[in-house]
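Single-letter residue listing:
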Amino acid sequence: MKFKSVEHVRTELESADYICSRTIATVVFLAQATQKPVLVEGPAGVGKTELSKAVAQSLQRPLIRLQCYEGLDESKALYEWEYAKQLLYTQMVKEKIDDVIAGAGSLSEAVDRIASQEDAFFSERFIQPRPLLQAIAAPEPVVLLIDEVDKSDPEFEAFLLEVLSDFQISIPELGTRKAVNIPFVFLTSNDSRDMSDALKRRCIHLYIDYPERDLELAIIKLKIPQIKQRLAGQLIDTIHKIRNLDLKKKPCISETLDWAQSLISLQVEDLSAEKVRDTLNVICKYRADLEQVKEKMEKIIN
Ligand SMILES: Nc1ncnc2c1ncn2[C@@H]1O[C@H](COP(=O)(O)OP(=O)(O)OP(=O)(O)O)[C@@H](O)[C@H]1O
Ligand SMILES: [Mg+2]
């Protein structure tokens, strides 16, 4: 499957439960056309990770995910040799190894003889592919999600640049692996640090902000179809006013959804200041934010 137009991206993603703006759909379409990675930035909970899942589902491609964290290194991202398995095999073929070194005149001769057999132990059989190698070696086209890349160290980012520029990985013992199909790559970042210009240059940049009213309304209706139009409208207006306050953590889309679900469970049909106050814990995760919203209640809802 391929996206045929920007509008086609929008409708396909919607079938995969993802509502997107024209900007998002355009970036996805252009990324497909240019085979460039997409660097998705924006606040928490605005659908950065979900976008790559929806694209994978729409294109019917497997999603391979590399979750980044501080200290993530090449061996965890690319591949590792399975030492335990190598050791186990060595034990099991001990007699064969004895045959190989039988009659060796010196220790170094024995080592040389074993070295001549090392291909058997540094082969495909003992390699544990990690997400980047999995994506490059995959026989079918895949979507590769490099999630929360801002949490990794700058050295790792430099290494990623190499991988993303030629989609090939060199394994000294086995040779170079080049991607048969260029993966559809998404990198997400939460603004915890600025990504390098070199990385930005290689990617199409997409900033996802909190959604516009209509878009968020469409997301609620898609995810919680039983919600009444009136309540959904009141809820979105309230959330948008709360987002305009200077909060430590603004409520995101998943909190809007949780809130809608909570109000339905409480059989609320009409949002009032009292109902907002009662359920505020679902959307405000810091005490100071909670107090601020309570103080400014008359500006938020009337
Ligand atoms: N455009 C959208 N259409 C449908 N659902 C959405 C959309 N955006 C966000 N959501 C919902 O919000 C939830 C949070 O989205 P997601 O996990 O992708 O956020 P994120 O931007 O990756 O956040 P974080 O930075 O915390 O990882 C999703 O599980 C999904 O239910
Ligand atoms: Mg995420």
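Just so it is clear, the structure is predicted and the values come from calculations on it, not from any experiment. Each chain has its residues counted from 1, following the order in which its sequence is written. By the order in which they are written, chains take letters starting at A while ligands take numbers starting at 1. Two thresholds apply to this predicted model, a pLDDT of at least 70 for residue-level local features and 80 or more for giving and counting side-chain atom pairs, whereas whole-chain, interface and lining totals are computed over all residues. With hydrogens and water stripped out, all remaining heavy atoms of the structure feed into the side-chain values.

A. Geometry of the overall build of the chain. Only DSSP runs of H or I reaching four residues or more are called helices, and only runs of E reaching two or more are called strands; each is numbered from the N terminus. The helix and strand tally for the chain stands at 16 helices and 9 strands. What you see for the chain is a C-alpha radius of gyration of 26 Å, clearly larger than the 19 Å of a compact globule of 302 residues, by over 25%. Partly exposed describes any residue whose relative accessible area lies between the buried limit of under 20% and the exposed limit of over 50%, with all areas from a 1.4 Å probe on protein chains only and scaled to the type maximum. Here the chain holds 302 residues, and 43% of them are scored as buried. The contact rule is simple, with two residues in contact once any of their heavy atoms fall within 4.5 Å. The long-range share in the chain, meaning contacts at least 24 apart out of those at least 6 apart in sequence, stands at 76%. Entry remark: accessible area of the chain is about 16,100 Å², with carbon and sulfur atoms responsible for 50%. Radius of gyration here is computed from C-alpha atoms only, and the compact-globule reference equals 2.2 Å multiplied by the residue count raised to the power 0.38. Here the Shrake-Rupley method, with its probe set to 1.4 Å, supplies the accessible areas, and only the displayed protein chains count as covering residues.

B. Region of the structure containing the pattern of salt bridges. Should a side-chain nitrogen of Lys or Arg be within 4 Å of a carboxyl oxygen of Asp or Glu, the pair is scored as a salt bridge. Following the criterion strictly, the structure yields 14 salt bridges and no others. Here lysine 85 and glutamate 82 are joined by a salt bridge, their closest N and O atoms 3.9 Å apart. Lysine 85 sits in the partly exposed class, given a relative accessible area of 28%. Aspartate 98 is the partner of lysine 94 in a salt bridge, and the nearest nitrogen-oxygen pair spans 3.8 Å. Taken together, the positions of lysine 94 and aspartate 98, both in helix α6 (residues 94-101) and 4 residues apart, correspond to about one turn of that helix. Residue lysine 94 is classed as partly exposed on the basis of its relative accessible area of 45%. Overlapping salt bridges, with partners in common, bring together Lys76, Glu80 and Arg130 in one network.

C. Quick look at the sheet that holds strand β5 (residues 143-147). What makes two strands pair is DSSP finding at least two bridges between them. In spatial order, the strands read β2-β5-β8-β1-β9; together these 5 strands make up an open sheet with parallel pairing. If you trace the sheet from one side to the other, it starts and ends with β2 (63-67) and β9 (204-207), each paired once. The sheet shows a mean angle of 20° between the axes of neighbouring strands, direction not considered. As defined by bridge partners, strand β1 (residues 38-41) adjoins strand β8 (residues 184-189) across 4 bridges and the pair is classed as parallel. The residue bridging glutamate 41 from the neighbouring strand is serine 189, located in β8. Note on method: axes are straight lines fitted to C-alpha atoms, helices fitted across the in-contact stretch only, with angles between N-to-C directions ranging 0 to 180 degrees. Along the sheet, helix α2 (residues 22-34) contacts β1, β8 and β9; its crossing angle with β9, the most-contacted strand, is approximately 165°. With respect to the sheet, helix α3 (residues 48-59) is in contact with β1, β2, β5, β8 and β9, its orientation differing from that of β8 by roughly 165°.

D. Geometry of a negative patch on the surface. A patch consists of residues whose relative accessible area exceeds 30% and which take part in no salt bridge; residues with like charges are grouped when within 9 Å of each other, and nonpolar side chains (Val, Leu, Ile, Met, Phe, Trp, Tyr) when within 5 Å. In this count, Lys and Arg are taken as positive residues and Asp and Glu as negative ones, while His and the chain termini are left out. Working definition for charges: the position is that of NZ of Lys, CZ of Arg, CG of Asp or CD of Glu. Together, Asp73, Glu74, Glu162 and Asp166 make up a region of like negative charge exposed at the surface. When you line up the elements, aspartate 166 lands in helix α9 (residues 154-166). Looking at aspartate 166, the relative accessible area reads 34%, which means it is partly exposed.

E. Layout of helix α12 (residues 229-243). The terminal C-alpha atoms of α12 lie 21 Å apart, and with 15 residues this matches the ideal 21 Å at 1.5 Å per residue to within 8%. Burial in α12 covers these residues: Leu231, Ala232, Gly233, Gln234, Leu235, Ile236, Thr238, Ile239, Ile242 and Arg243. Contacts made by the buried residues of α12 are with α11 (213-223), α13 (253-265), α14 (273-279), α15 (287-295) and α16 (297-300). The length a helix should cover is 1.5 Å for every residue beyond the first.

F. Representation of the nonpolar core within the structure. Note on terminology: a nonpolar core comprises buried Ala, Val, Leu, Ile, Met, Phe, Trp, Tyr and Cys residues joined through side-chain atoms within 4.5 Å. Formed by 35 residues in total, the largest nonpolar core has its most connected members in Leu132, Ile146, Val149, Phe156 and Leu187. Looking at this core, the elements that each hand over two or more residues are β2, β3 (79-81), α8 (131-137), β5, α9, β6 (168-171) and β8. If you count residues domain by domain, this core takes at least three from each of domain 1 (6-75 + 131-207) and domain 2 (79-126). Here leucine 132 is in contact with Leu66, Ala77, Leu78, Leu144, Ile146, Phe159, Leu160, Val163 and Ile169, once residues within four sequence places are set aside. By size, the runner-up hydrophobic cluster in this structure holds 30 residues, among which are Ile239, Ala260, Leu263 and Leu280. The domain limits used here are those given by an automatic or database domain assignment.

G. Spotlight on the domain arrangement of the chain. When its domains are assigned, the chain resolves into domain 1 (6-75 + 131-207), domain 2 (79-126) and domain 3 (213-294). The C-alpha-based centres of domain 1 and domain 2 are spaced at 39 Å. Opposite the 9 residues of domain 1 that make contact, domain 2 presents 6 residues. Taken together, the links from domain 1 to domain 2 amount to 0 salt bridges. For this analysis, a polar contact is any N or O atom pair within 3.5 Å, provided that within protein one partner can donate a hydrogen and the other can accept it, and provided that sequence-adjacent residues contribute only side-chain to side-chain pairs. Linking domain 1 with domain 2 are 0 residue pairs in polar contact (both at pLDDT 80 or more). The set of elements that each furnish at least two residues to the side of domain 1 that touches domain 2 consists of α4 (74-77) and β6. Here the term charged refers only to Asp, Glu, Lys and Arg, the term nonpolar to Ala, Val, Leu, Ile, Met, Phe, Trp, Tyr, Cys and Pro, and the term polar to all other amino acids, Gly among them. Looking at the side of domain 1 that touches domain 2 residue by residue, the classes come out as 4 nonpolar, 2 polar and 3 charged.

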